[in-house]
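Structure assessment
Residue strings, one per chain:
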Amino acid sequence: MNDDNPLFKNLPDSLPISPMAVLILITVLVGASMSFYTIPAESEGIVLRFGEYIEKVPSGLHAKLPFGVDSVITVPTQRQQKLEFGFATAGFTNPDQISDEPALEKSMVTGDLNSALVEWIVQYRITDPEKYLFVVRDPGVTLRDISEAVMREVVGDRTVDEIITIGRQEIEETVLARARLLAERYQLGVSINQVQLKNVNPPEPVQPSFNEVNRAQQDRENVINLANGEYNKAVPRARGEADQKVRAAEGYRFKRINEAEGDVTAFNQVLEQYLKAPDVTRARIYLETMGEVLPQASQQIIVDDSVQQILPMLPFPGQTAGVVK
């Protein structure tokens, strides 16, 4: 300190500081540091005064009474959280996300008394922080118990083939609906958004046999598909050929009917002329018939029982006369 400065000439060399003043100063500083808190952007804060719920505050900077009078619980209401059953993902932040015994958790018995290893995920979000914190003790554990109980109930009503193959989506929808109903009944303050089956497998000792059965079923489906393909090719072709033959037969039938009707008409016309002049018509018909038949035959000899000698025939057109010995 500069002794030449007149402002400091009358001051004592050392100022006495009371321990009480120091304690008060420290208390004030600590109290000030404890009087402010920050709620993250995706969360809400539940303020308790001596353990009793006072208010719910949004995200941001807020003030409270220090020294344990007020306490704040941060609840991630805007964060999508999940529960994993039968397996565990590294780097999780939710303490309720995984179980201590995932192997026992995923082992289930199906409706046809087979064993299956079922792994699934439940995604949820905290919608009511007051109910989540104060209505049910350990709400995260309760939600896990609800999800596991519902999944075991649904799996126990179905066969192992349904669980592994065709029934996965229906199981997810059923578990989601029942878990939502129970969560609302227990007032957990959460909204369950999705239930997703991950891996569904038979137990390890029977997996080779189960894989062989699956391969056999796939081969069966392939053979059925090939047979259906051949059926779809052969049946339409056979039907087309059958229709073609039916139409050809109908055409032939109409042709024969028309020909028969024409023959009937011609016969009736001949009959009409025959009735008018029987002898002349008979002779004409005979000569016309012989003119059509004889040129197609070889040399002919006509023998009449009323004569005693052979009557040689004259050659017809297209034939040469022969000598009968």
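For the structure itself, look to the data block above.
Let me sum up the structure you'll find in this document. No experiment lies behind these values; they were computed from the predicted model shown.

Cut-offs and rules
Residues numbered from 1 in each chain as written. Predicted model: local features only at pLDDT ≥ 70, side-chain atom pairs only at ≥ 80, totals over all residues. Heavy atoms only, no water. Helix = DSSP H or I, 4+ residues; strand = E, 2+ residues; numbered from the N terminus. Buried < 20%, exposed > 50% of the residue type's maximum accessible area, 1.4 Å probe, protein only. Contact = heavy atoms within 4.5 Å. Areas by Shrake-Rupley, 256 points an atom, 1.4 Å probe, with all protein chains shown as cover. Polar contact = N/O pair within 3.5 Å; in protein donor to acceptor, adjacent residues only side chain to side chain. Phe/Tyr/Trp six-rings, centres within 6.5 Å; stacked < 30°, edge-to-face > 60°. Lys NZ or Arg CZ within 6 Å of the ring centre and 35° of its normal. Expected span 1.5 Å × (residues − 1). Patch = residues over 30% accessible without salt bridge, like charges linked within 9 Å, V, L, I, M, F, W, Y side chains within 5 Å. Salt bridge = Lys/Arg side-chain N within 4 Å of Asp/Glu carboxyl O.

Once that is clear, we can look at the overall build of the chain. Of regular secondary structure, the chain possesses 8 helices and 11 strands. Taking all 325 residues of the chain together, the buried fraction comes to 25%. When contacts within the chain are restricted to residue pairs at least 6 apart in sequence, those whose partners lie at least 24 apart make up 64%. As presented, the chain carries roughly 22,900 Å² of accessible surface, and 56% of it is formed by carbon and sulfur atoms.

What follows covers the side chain of Glu119. As for its position among the elements, Glu119 is in strand β8 (residues 115-126). Taking the relative accessible area as the measure of exposure, Glu119 reaches 13% and is therefore buried. Looking at Glu119, its side chain comes within polar contact range of the side chain of Lys106, at 3.4 Å.

Per the counting criterion, the structure on display carries 2 aromatic pairs. Between Phe85 and Trp120, the ring centres sit 4.4 Å apart and the planes meet at 0°, which makes this aromatic pair stacked. Of this pair, Phe85 sits in strand β6 (residues 81-85) while Trp120 sits in strand β8, placing them 35 residues apart in sequence. With respect to class, Phe85 is no different from Trp120; both count as buried. Directly above the aromatic system of Phe85 lies the positively charged group of Arg144, at a separation of 4.4 Å from the ring centroid.

The end-to-end C-alpha distance of helix α6 (residues 168-185), which contains 18 residues, comes to 26 Å, matching closely the 26 Å that a straight helix rising 1.5 Å per residue would cover. For α6, every residue scored as buried is listed here: Ile171, Glu172, Thr174, Val175, Leu176, Ala179 and Ala183. Check the buried side of α6 and you find it contacts α4 (139-155), α5 (160-164) and β9 (190-201). Just past α6, the residue Gln187 takes up positive phi, approximately 55°.

As a further point, take a nonpolar patch on the surface. A cluster of nonpolar residues, Ile17, Val22, Ile26, Val30 and Phe67, forms a patch on the protein surface that exposes about 460 Å² of accessible area. Its relative accessible area of 48% is what places Phe67 among the partly exposed residues.

This next bit is on the environment of Gln123. Along the polypeptide, Gln123 turns up in strand β8. The class of Gln123 is partly exposed, set by a relative accessible area of 23%. For Gln123 and Ile192, which are 69 residues apart along the polypeptide, the C-alpha to C-alpha distance reads 6.1 Å. Excluding residues that lie within four positions of it along the chain, Gln123 makes contacts with Gln80, Gln81, Lys82, Ser191, Ile192, Asn193 and Gln194.

By themselves, these observations are geometric and do not establish any function.
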